[in-house]
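Listed below are the residues making up each chain.
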Amino acid sequence: MSEFDVVIVGSGVAGLSSAWHLAPDHDVLVVDGDRIGNGTSSRASGVITTPVDYPEQPEWARHAVEFFEEMDGTGVFEYTEREFVRGVRTGEIERAETVAEREWVTLREPGEYDRWNETFDDDSPYEKVLVWDEYTGYFDIDEWLSTLQRLCVERGVEFRPDTLVESVCVENGAAVGVETEYQRVDAESVVVAAGSGTRPLLADVLPLPIRKFVWNVAYLDVELPDEYPMGGDWQEQCYWRPTRDDHLIVGIEHYYGDEALDRGPHSSTRNGAEGAQEAEPSGVRGEDHEQIGPRLERLLNEDLPELLAHVDPADDVVRWEVCPMADCTTPDARPIVDAPDEGPDGLAVAAGFHGAGVMATKSIGAAVRSFLTDEACPFPRDPHRLDRFDTRDTDFDFAPMASWQAQRS
Ligand SMILES: Cc1cc2nc3c(=O)[nH]c(=O)nc-3n(C[C@H](O)[C@H](O)[C@H](O)COP(=O)(O)OP(=O)(O)OC[C@H]3O[C@@H](n4cnc5c(N)ncnc54)[C@H](O)[C@@H]3O)c2cc1C
């Protein structure tokens, strides 16, 4: 008889959501090589734009976001509904018209968007704006992770932090537990939700086409009007969102390649996660160019002030992060959430969220539960199954978010 019904490797949003979904009728253990929730999830900006980032999967998006709305006010968790806008340049109008055929988004003229003047710079190149004003919002990621963990504890989930999992144990074609650095843990089923650690952990059991990539993020000290929208720009491949304490978080997609990620310029934990960088504004702006990343620095100093009202090259950067533990991605920039036939029985995986894992929190766990219990899933699971890929290698081209959003439009 196994010690646990399910052992889950990884305590980011994917592992915690899976634990929460399984816990009502399973004995669940979550094991993490680091502190609980200290992986990529802890670095997220808390931008909830699920209909923007999963435009072809409205059921998945709705299922995920309604959870945040329901959980608002639970423990320390506070969810702020806020529209997301994307200024549209002349050359982007055709593409924007296609996007506007989707649910929950409209393409508007400047006169049809009452926040135009307080959002965009007078000299911005935008002709129109795409507005998502349903199922989008933001929250503080620390509040979300601690609330999720508390919800799991209330359901009886056990946690083992600081316990590296070295392998998944397979006997007679079935996953039967994990070997940790300290001991073996037997379980009826195994969920691997180990972020960028998923592929290395499963290398001998279930090779996955997953590779790492990076987001760079800066927190600007900016005076913003109330209800300032979240937004993004296709050309710059960036996003921004206001915070409750008068900062503007600006993020940019950035890919270094695996070697650079492993090296990392700063001190790191044994899993490769680095601490947030508390920066002196002057140092970040100029001398620490290499560390903040040239693209992010150019965005802050040159490009963003030309796009957004209220953002100025002189704004202080109060905090910045180059997240080398990174997120991970797949050939189509969609996650793998599956219990693949080609893997051992009783093994489910959830990884490869390409910068959009937090906003999908609830849907990830719902899908994992449906695989392990054979229950119905509240949304189609096929878009995230492994067998959609021909390759199991990692030499595929990195697909920037702007390009895959265009493909799905
Ligand atoms: C700077 C930045 C900003 C982002 N902003 C947003 C945002 O605004 N909205 C959004 O939706 N998404 C955002 N993302 C993406 C989001 O953070 C990820 O998609 C999501 O956190 C992935 O969650 P995860 O559970 O798969 O991975 P993780 O949170 O990385 O969890 C994996 C866990 O597995 C553990 N682990 C790995 N290997 C092992 C092992 N062998 N043994 C034991 N434990 C192991 C790790 O320690 C880690 O805790 C952002 C990402 C970054 C980097």
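Calculation notes
In every chain, residue numbers begin from 1 and rise along the written sequence. Per-residue local features of the predicted model are confined to residues with pLDDT of at least 70, and side-chain atom pairs are confined, for both listing and counting, to 80 or more; whole-chain, interface and lining totals are unaffected and use all residues. The side-chain quantities take in all heavy atoms of the structure and omit both hydrogens and water. Each helix corresponds to a stretch of at least 4 residues labelled H or I by DSSP, and each strand to a stretch of at least 2 residues labelled E; elements are numbered beginning at the N terminus. Only protein chains enter the area calculation, which uses a 1.4 Å probe; residues under 20% of their type maximum are buried, those over 50% are exposed, and those in between are partly exposed. Contacts between residues were defined by any pair of non-hydrogen atoms, one from each residue, lying within 4.5 Å. Per-residue accessibility takes into account occlusion by the displayed protein chains alone, with areas from the Shrake-Rupley method and a 1.4 Å probe. Strands were regarded as paired on the criterion that DSSP finds at least two bridges between them. Classification of ring pairs uses Phe, Tyr and Trp, with its six-membered ring standing for Trp, and accepts pairs whose centres are within 6.5 Å; under 30 degrees between planes counts as stacked, over 60 as edge-to-face, and the remaining range as tilted. Criterion for a charge above a ring: Arg CZ or Lys NZ at most 6 Å from the ring centre, at most 35 degrees from the ring normal. Salt bridges are defined as contacts in which a side-chain nitrogen from Lys or Arg sits within 4 Å of a carboxyl oxygen from Asp or Glu. Patches here: salt-bridge-free residues with over 30% relative accessible area, like charges joined within 9 Å, nonpolar side chains (Val, Leu, Ile, Met, Phe, Trp, Tyr) joined within 5 Å. Here Asp and Glu are counted as negative and Lys and Arg as positive; His is not counted, and neither are the chain ends. The atom standing in for a charge is NZ when the residue is Lys, CZ when it is Arg, CG when it is Asp and CD when it is Glu. Each residue is tested against the molecule or strand, and it is near if at least one of its non-hydrogen atoms lies within 4 Å. For the purposes of these results, a polar contact is taken to be a pair of N or O atoms within 3.5 Å, where, inside protein, one atom must be able to donate a hydrogen and its partner to accept one; residues adjacent in sequence count only when each atom of the pair is a side-chain atom. Gly counts as polar in this scheme, as do all residues outside two lists: the nonpolar Ala, Val, Leu, Ile, Met, Phe, Trp, Tyr, Cys and Pro, and the charged Asp, Glu, Lys and Arg. All domain edges in this entry derive from an automatic or database-based domain assignment. A helix is expected to span 1.5 Å multiplied by its residue count minus one. To get an axis, a line is fitted to the C-alpha atoms, and for a helix only the part in contact is used. The angle between two axes follows their N-to-C directions and goes from 0 to 180 degrees. When an angle is under 35 degrees it counts as roughly parallel; over 145 it counts as roughly antiparallel; between 65 and 115 it counts as roughly perpendicular; any other value is oblique. Here a crossing is called left-handed whenever its near helix is offset anticlockwise from the far helix by less than a right angle, and right-handed whenever the offset is clockwise. Throughout this description, the term nonpolar core refers to a set of buried Ala, Val, Leu, Ile, Met, Phe, Trp, Tyr and Cys residues connected via side-chain atoms within 4.5 Å.

Asker: Which residues make up the overall build of the protein, and what values go with them?
Answerer: The number of helices and strands found in the protein is 13 helices and 20 strands. Across the 409 residues that make up the protein, the buried fraction comes to 59%. Taking the contacts inside the protein whose residues are at least 6 apart along the sequence as the reference set, 76% of them involve residues at least 24 apart. Surface summary for the protein: the accessible area is close to 16,400 Å², and the carbon and sulfur share equals 41%.

Asker: Let's hear about the sheet that holds strand S8 (residues 137-138): which residues, and what values?
Answerer: By definition, the strands of a sheet pair up through backbone hydrogen bonds, in either a parallel or an antiparallel sense. Judged by pairing direction, the sheet is antiparallel, and its three strands sit side by side in the order S3-S8-S4 without closing on themselves. Unpaired on one side and paired on the other, strand S3 (47-48) and strand S4 (80-81) mark the two borders of the sheet. Of the pairings in the sheet, the one linking S4 to S8 comprises two bridges and is antiparallel in character. Pairing of Glu81 across the sheet is with Gly137, part of S8.

Asker: Give me unusual backbone geometry: which residues, what numbers.
Answerer: Even without being a glycine, Gln237 presents a positive backbone phi close to 50°. Within the fold, Gln237 resides in the loop between strand S14 (230-233) and strand S15 (238-242). Taking relative accessible area as the criterion, Gln237 reaches 24% and is therefore assigned partly exposed. In the Ramachandran plot, Ala333 falls in the positive-phi region, its phi being about 60° despite a non-glycine side chain. Its place among the elements puts Ala333 in the loop between strand S18 (327-329) and strand S19 (336-338).

Asker: Mind laying out the packing of aromatic side chains, listing which residues take part and the relevant values?
Answerer: A ring pair, where both rings are aromatic, is described by two values, the distance of the centres and the angle of the planes. Here the structure, examined in full by the defined rule, presents 15 aromatic pairs. Through pairs of rings, three or more aromatic residues link up here, namely Trp20, Phe67, Phe68, Phe77, Tyr79, Phe139 and Trp144. When the ring centre of Trp20 is taken as reference, the NZ or CZ atom of Arg155 above it lies at 3.8 Å.

Asker: Can you lay out the pattern of salt bridges for me, pointing to particular residues and giving the numbers?
Answerer: This model, assessed by the stated rule, comprises 21 salt bridges. Residues Glu56 and Arg334 are paired through a salt bridge, measuring 2.9 Å at the closest nitrogen-oxygen approach. Here the residue Glu56 occupies a position in the loop between helix H2 (50-53) and helix H3 (58-71), and Arg334 occupies one in the loop between S18 and S19, the gap between them amounting to 278 residues. Given the relative accessible area of 28%, Glu56 is considered partly exposed. Three or more residues joined by partner-sharing salt bridges are found here, namely Asp25, Arg369 and Glu375.

Asker: Give me a negative patch on the surface: which residues, what numbers.
Answerer: The grouping of Asp140, Asp142, Asp221, Glu223, Asp226, Asp245, Asp246 and Asp316 at the surface amounts to a negative patch. Secondary-structure assignment places Asp226 in the loop between strand S13 (211-221) and S14. What makes Asp226 exposed here is its relative accessible area of 66%.

Asker: Would you mind going over the site of the ligand in detail, with residue names and values included?
Answerer: Around the ligand, the structure places 37 residues, and the nearest of them are Asp32, Ser41, Val47, Asp327 and Met359. The side chain of Asp32 places a nitrogen or oxygen atom 2.6 Å from an oxygen atom of the ligand. Within the complex, 97% of the 1,000 Å² of free accessible area of the ligand lies under protein. Put simply, the parts of the chain that give the shell around the ligand at least two residues each are helix H1 (13-22) and S13. Here the residues of the shell around the ligand sort into 18 nonpolar, 15 polar and four charged. The residues that make up the shell around the ligand include at least three from each of domain 1 (4-49 + 141-210 + 330-408) and domain 3 (213-328).

Asker: Could you give an account of helix H6 (residues 141-154), with specific residues and numbers?
Answerer: Here H6 contains 14 residues, and its C-alpha end-to-end distance of 20 Å stays within 8% of the 20 Å for a straight helix at 1.5 Å per residue. Among the structural elements, H1, H3, strand S9 (158-160) and helix H12 (361-373) are those in contact with the buried residues of H6. Where H6 begins, one side-chain oxygen reaches toward the backbone nitrogen of Asp142, 2.8 Å away; that side chain belongs to Asp140. Directly after H6, the chain includes Gly156, whose backbone phi takes a positive value near 90°.

Asker: Give a detailed account of the packing of H1 against H6, specifying residues and quantitative values.
Answerer: It is at 9 Å that the axes of H1 and H6 come closest, and there the two elements cross at 30°. Taken together, the axes of H1 and H6 lie roughly parallel to each other. For the element pair H1 and H6, the recorded crossing hand is left-handed. On the side of H1, the interface is formed by Val13, Leu16, Ala19 and Trp20, while H6 contributes Trp144, Leu145, Leu148, Gln149, Leu151 and Cys152. Among the residues forming the contact of H1 with H6, the class breakdown is nine nonpolar, one polar and no charged.

Asker: Break down the side chain of Ser370 for me, citing the residues and quoting the values.
Answerer: Summarising the element assignment, Ser370 is placed in helix H12. Reaching out from Ser370, the side chain makes a polar contact with the backbone oxygen of Ala367 at a distance of 2.7 Å. Those residues in contact with Ser370 that lie beyond four places of it in its chain are Glu375, Ala376, Cys377 and Arg381.

Asker: Provide a residue-level description of H3, including the pertinent values.
Answerer: For H3, built from 14 residues, the straight-helix expectation of 20 Å at 1.5 Å per residue is met to within 8% by its first-to-last C-alpha distance of 20 Å. Buried residues of H3: Pro58, Trp60, Ala61, His63, Ala64, Val65, Phe67, Phe68 and Met71, and no others. Looking at the buried residues of H3, the elements they touch are H1, S3, H2, H6, S19 and H12. One or two steps after H3, the chain reaches Gly73, where phi turns positive at roughly 90°.

Asker: Can you explain the nonpolar core? Please cite residues and give values.
Answerer: If you look at the biggest cluster of nonpolar residues, it comprises 50 residues, and the most contacted ones within it are Val28, Phe139 and Trp144. Secondary-structure elements contributing two or more residues to this core are strand S1 (4-9), H1, strand S2 (28-31), H3, H6, strand S20 (347-351) and H12.

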